[in-house]
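Spelled out, the chains give:
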Amino acid sequence: MKLWERLFVRATVVEAETTGRFRRLRLRAAALGTADWRPGQQVRLDVGAKGAMTPLLRTYSVWSRAGDTIELQALLHGDGPGAVWMGAAQAGDEVLLSKPKGDFVTRPAAYHLFVGEETASVAFGPMLRALPAAERAASRAVVEIDGPADRLDLDGDVTWVERAGASAASSQRLLKAVQTLDLPQEPGHAYVAGEARTVQAVRQHLVHDRGWPRRSVLTKPFWTPGKRGME
Ligand SMILES: Cc1cc2nc3c(=O)[nH]c(=O)nc-3n(C[C@H](O)[C@H](O)[C@H](O)COP(=O)(O)OP(=O)(O)OC[C@H]3O[C@@H](n4cnc5c(N)ncnc54)[C@H](O)[C@@H]3O)c2cc1C
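What counts, and at which threshold
Residues numbered from 1 in each chain as written. Predicted model: local features only at pLDDT ≥ 70, side-chain atom pairs only at ≥ 80, totals over all residues. Domains from an automatic or database assignment. Contact = placed C-beta atoms within 7 Å. Helix = DSSP H or I, 4+ residues; strand = E, 2+ residues; numbered from the N terminus. Near = placed C-beta within 6 Å. Nonpolar A, V, L, I, M, F, W, Y, C, P; charged D, E, K, R; others polar. Buried ≥ 20, exposed ≤ 12 C-beta atoms within 10 Å, placed from the backbone. Axes fitted to C-alpha atoms, helices over the stretch in contact; angles between N-to-C directions. Parallel < 35°, antiparallel > 145°, perpendicular 65-115°, else oblique. Left-handed = near helix turned anticlockwise from the far one by under 90°. Pairing = 2+ DSSP bridges.

**Considering the domain arrangement of the protein chain**
Item 1. Segmentation of the protein chain into domains returns domain 1 (3-97) and domain 2 (112-223).
Item 2. On a C-alpha basis, the centroid separation for the pair domain 1 and domain 2 is 25 Å.
Item 3. The partner domain 2 presents 12 residues to the 11 residues of domain 1 that form the contact.
Item 4. The set of elements that each furnish at least two residues to the side of domain 1 that touches domain 2 consists of strand S4 (57-66) and strand S5 (69-75).

**Structural notes on the site of the ligand**
Item 1. Looking at the ligand, there are 29 residues lining it, with Gly80, Gly82, Ala83, Val122 and Trp223 nearest.
Item 2. Of the residues forming the shell around the ligand, the biggest block, four residues, is contributed by S4.
Item 3. Residues that form the shell around the ligand fall into these classes: 11 nonpolar, 13 polar and five charged.
Item 4. Looking at which domains feed residues into the shell around the ligand, each of domain 1 (3-97) and domain 2 (112-223) gives three or more.

**Here we look at the environment of Trp160**
Item 1. Assignment of secondary structure puts Trp160 in strand S9 (residues 157-162).
Item 2. The class of Trp160 is partly exposed, set by 16 C-beta atoms lying within 10 Å.
Item 3. With 58 residues separating them along the chain, Trp160 and Gly102 place their C-alpha atoms 26 Å apart.
Item 4. Contact partners of Trp160, with chain neighbours within four places excluded, come to Val143, Ile145 and Arg151.

**A few points about the environment of Thr54**
Item 1. Assignment of secondary structure puts Thr54 in the loop between strand S3 (42-46) and S4.
Item 2. Taking the number of C-beta atoms within 10 Å as the measure of exposure, Thr54 has 9 and is therefore exposed.
Item 3. Once the C-alpha coordinates of Thr54 and Gly147 are considered, the two residues, 93 residues apart in sequence, prove to be 37 Å apart.

**Comments concerning the packing of helix H6 (residues 172-179) against helix H7 (residues 196-209)**
Item 1. The contact between H6 and H7 brings their axes to 10 Å, and the two run at 20 degrees. One finds that H6 runs roughly parallel with respect to H7. Here H6 runs over H7; the crossing is right-handed. Seen from H6, the contacting residues are Leu174, Leu175, Val178 and Gln179; seen from H7, they are Thr198, Ala201, Val202 and His205.
Item 2. Looking at the contact of H6 with H7 residue by residue, the class counts come to five nonpolar, three polar and no charged.

**Overview of the environment of Gln42**
Item 1. Summarising the element assignment, Gln42 is placed in strand S3.
Item 2. Placed 19 residues apart in sequence, Gln42 and Ser61 show a C-alpha to C-alpha distance of 3.9 Å.
Item 3. In this view, Gln42 contacts Thr59, Tyr60, Ser61, Val62, Pro100 and Gly102; residues no more than four positions away in its chain are not counted.

**Digging into the pairing of strand S8 (residues 140-145)**
Item 1. Within S8, six of the six residues are buried, which leaves it mostly tucked inside the rest of the structure.
Item 2. With five bridges joining them, strand S7 (residues 112-117) and S8 adopt parallel strand pairing. Bridge pairing in S8 links Phe114 to Ala141.
Item 3. Relative to S9, S8 runs parallel, the two being bridged by six bridges. The partner of Arg140 across the bridge, within S9, is Asp157.

Structure below.
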């Protein structure tokens, strides 16, 4: 066994299903049942060829966990190794993955604002579900999708912004939707994820135009054009 393989968990795909452009995978491993997981955290999968000397890692948020089984939702966006592996994965396949980790998790706040596109909505789902009911009721989400088939089931008050075939990079549509959002005067806590340039523009708006403290805006770039495997 190679050294890096010791750091990973070997999981089995127990279910795989495509809805719209999302591929939903359920992965089971005994070690996943005892691993810490906070909603918003992610795992890294080795999507490279079996037996390769080094792993080829791609990052996916954990959509849910039940016992020793986690569920992922991968956007089939193109022919990168992550999307190809996810698209082809079938029940019975095995994969090496890291345990869940990351600091893209909710902070205590009077209300929460979630902004991003499809890939970010995978992290938002469990973050919203885990909020106390009163905080969830006061929260807002603005999610850009290509079309209705890409809507994941998110709890709470969600504004869906459709781009209908346009690029999700540097999205003026998503930025405008946040700019026109009717928010309380006092800042809450924002979680902005997805395409890196859009993330930056939304952060700028919240900090410079709305006067939110920098520490109240948590950002996580997930991908950007031309960059492979962002993390
Ligand atoms: C913390 C974190 C959590 C993430 N969670 C999820 C998740 O739950 N579900 C999910 O689907 N993705 C998620 N992502 C994004 C995912 O890791 C990237 O999309 C990754 O690049 C996919 O790998 P790939 O091999 O398919 O493409 P790559 O080889 O990495 O990239 C190939 C090309 O595709 C482009 N590309 C990458 N992603 C997209 C996209 N979404 N839309 C359009 N073009 C794209 C790249 O810019 C590049 O030009 C997450 C990323 C991070 C950092």
